[in-house]
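Read off the chains here:
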Amino acid sequence: MQILVIEDELKTARALIKMISQIRPDSRVDGPLQKVSTSVEYLSAHPAPDLIFMDIQLADGISFEIFQKVKVDSPVIFCTAYDEYALDAFKANGIDYILKPFTEDAFRRAFDKMDRFIGQRTGDISPALIAQILKLQHQDTGKSSFLVYKHGKYLNIPTDDIAYFFVHNEQITIVTFDNETFHINQSLEQITAQLSPLNFFKLNRQYLISFKAIKEVEQYFARKLLVKLVIPSDEKLLVGKDKATSFLAWLDNR
């Protein structure tokens, strides 16, 4: 089986490829491709793979743009932190929709669906998957609070009170709108997966910010964007040119 991986986070991509090789060691895996543009180029120049694992938020846009620019005949398993795109995934050759942080069991079930898909030789998606997608569409809009420990006490910090999360020396810190700070023992990727993608955006590998925390956005050198927050950060918050389009689309998606 030939499998293509489309995922912009290299650490996640390596973990995904490792899991695929453990579950289906006879597979040949191409990628990871990190952008919409390179994915379109690959799919235009190569025979359709047997299966595609695809993230939704890519370095230069949303992966559904791929389907608008090139014909995709392969079944797709979406692996993403965002459940808001479930119905779009269903329409775009999706046979399963795995929310991050993913598990080996979730991938095994996805491969089982893939086997049934091939065995049935049909493009129809099962009623069970439709029910799963509809369930995702009606889930809540993200985690409402985070449990932290400070000065000998456990505290619940409401998500609405959080301006941003940032990484320093591999430690995640919460910064609230009252400019209080709290440490939390989760990775930035794990936190991202628990939050509403409408309300929080991962600017880069260090910062995950709330929409409400944004004061203004300016053009910067080399087609980057400079983001200023109502609670100032210790360093300049820059959005790279590859992510600028999707960030501006996120700002506009209110």
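The rules behind the values
Residues numbered from 1 in each chain as written. Predicted model: local features only at pLDDT ≥ 70, side-chain atom pairs only at ≥ 80, totals over all residues. Heavy atoms only, no water. 1 Å grid on protein atoms, 1.4 Å probe; cavity = no way out; pocket = protein on both sides within 12 Å on 5 of 7 lines; lining within 4 Å. Points joined across faces, edges and corners; volume = space filled by probe spheres on them. Helix = DSSP H or I, 4+ residues; strand = E, 2+ residues; numbered from the N terminus. Nonpolar A, V, L, I, M, F, W, Y, C, P; charged D, E, K, R; others polar. Pairing = 2+ DSSP bridges. Axes fitted to C-alpha atoms, helices over the stretch in contact; angles between N-to-C directions. Phe/Tyr/Trp six-rings, centres within 6.5 Å; stacked < 30°, edge-to-face > 60°. Buried < 20%, exposed > 50% of the residue type's maximum accessible area, 1.4 Å probe, protein only. Lys NZ or Arg CZ within 6 Å of the ring centre and 35° of its normal. pLDDT = per-residue confidence, 0-100. Contact = heavy atoms within 4.5 Å. Polar contact = N/O pair within 3.5 Å; in protein donor to acceptor, adjacent residues only side chain to side chain. Right-handed = clockwise from strand over helix to strand, strands pointing away.

Could you clarify how one ought to interpret the layout of surface pockets in this entry?
The probe, sized like a water molecule, is rolled over the atoms to show the empty space still left. Reported here for the largest pocket is a volume of approximately 530 Å³. Lining the largest pocket are 19 residues, and of these Lys11, Ser187, Leu188, Glu189 and Lys202 sit closest to its centre. Elements with a contribution of two residues or more to the lining of the largest pocket: α1 (10-23), β11 (171-176) and α7 (188-194). For the lining of the largest pocket, the residue count by class is 6 nonpolar, 6 polar and 7 charged.

So what exactly am I meant to see when it comes to the sheet that holds strand β15 (residues 214-219) here?
The pairing of strands in a sheet happens through backbone hydrogen bonds and is either parallel or antiparallel. As summarised here, the arrangement of the 3 strands in space is β15-β16-β17, forming an open sheet in which the pairing is antiparallel. Here the strands that pair on one side only, and so sit at the sheet edges, are β15 and β17 (237-239). Geometrically, the sheet is characterised by an average inter-axis angle of 30° between neighbouring strands, direction not taken into account. Relative to β17, strand β16 (residues 225-229) runs antiparallel, the two sharing 3 bridges. Note that in β17 the partner of Leu225 across the bridge is Val239.

Looking at this structure, how should I read the sheet that holds strand β12 (residues 181-184)?
Strand order across the open sheet formed by 5 strands is β12-β11-β10-β14-β13, with antiparallel pairing between neighbours. Edge positions in the sheet fall to β12 and β13 (200-202), since each has one partner strand and no second. For this sheet the average axis-to-axis angle between neighbouring strands, irrespective of direction, equals 20°. By the bridge criterion, 3 bridges tie β13 to strand β14 (residues 207-210) in an arrangement that is antiparallel.

It is not clear to me how the packing of aromatic side chains should be interpreted in this structure. Could you clarify?
Aromatic rings considered in pairs are described by the distance between their centres and by the relative angle of their planes. In this structure the tally under the stated criterion is 13 aromatic pairs. Centroid distance Phe53 to Phe111: 5.6 Å. Interplanar angle 55°. Geometry classified as tilted. One end of the pair, Phe53, is in strand β3 (residues 51-54); the other, Phe111, is in helix α5 (residues 104-120), and 58 residues separate them in sequence. There is no split in this pair, since Phe53 and Phe111 are both buried. When the ring of Phe201 is compared with that of Phe247, the centres are 5.1 Å apart and the planes differ by 65°; the resulting orientation is edge-to-face. Pair noted here: Phe201 is in strand β13 and Phe247 is in helix α8 (residues 241-252), with a separation of 46 residues, a long-range link. Clustering of aromatic rings is evident, with ring pairs tying together Phe201, Phe211, Phe247 and Trp250. Between Lys143 and the ring centre of Phe146, over which it is positioned, the NZ or CZ distance is 5.4 Å. Geometry around Phe182 places Lys150 over its ring, the cationic atom sitting 4.8 Å from the centre.

Before we go on, may I ask you to explain the confidence of the model for the protein in this structure?
Parts of the model with low pLDDT should not have their predicted coordinates read in detail. Looking at the protein as a whole, the pLDDT averages 82, with 83% of positions reaching at least 70. The low-confidence segment residues 133-140 (pLDDT under 50) makes 16 contacts with residues lying over four places distant or belonging to another chain.

Would you take a moment to explain the pairing of β15 for this structure?
On any regular strand, side chains alternate: one points to one face of the sheet, the next to the other face. Sheet topology places β15 next to β16; 5 bridges connect them, and they run antiparallel. Across the sheet, the residue bridging to Glu216 is Lys228, located in β16. Linking β15 to β16, which pair antiparallel, is a turn of 5 residues; within it Ala222 sits at a positive phi near 55°.

Looking at this structure, I do not really get the environment of Gln186. What am I missing?
Along the chain, Gln186 falls in the loop between β12 and α7. On the accessibility criterion, Gln186 (23% relative accessible area) is partly exposed. Distance from Gln186 to Ile172, taken between C-alpha atoms, is 7.0 Å for residues 14 residues apart in sequence. Not counting residues within four places of it along the chain, the set of residues in contact with Gln186 comprises Phe146, Ile172, Ile191 and Gln194. Polar contacts involving the side chain of Gln186 include one to the side chain of Gln194, which spans 2.4 Å.

Just to check I follow, could you spell out the pairing of strand β1 (residues 2-6) for this structure?
Most of β1 is tucked away: 5 of the 5 residues are buried. Burial along β1 is two-sided: Gln2, Leu4 and Ile6 and Ile3 and Val5, pointing in opposite directions, are all buried. Examined bridge by bridge, β1 and strand β2 (residues 28-33) share 4 bridges and lie parallel to one another. Among the inter-strand pairings, Leu4 is bridged to a residue of β2, identified as Asp30. Crossover handedness for the path β1 to α1 to β2: right-handed. As judged from the 4 bridges shared by β1 and β3, these two strands associate in the parallel manner. Residue pairing across strands places Ile3 opposite Leu51, the latter belonging to β3.

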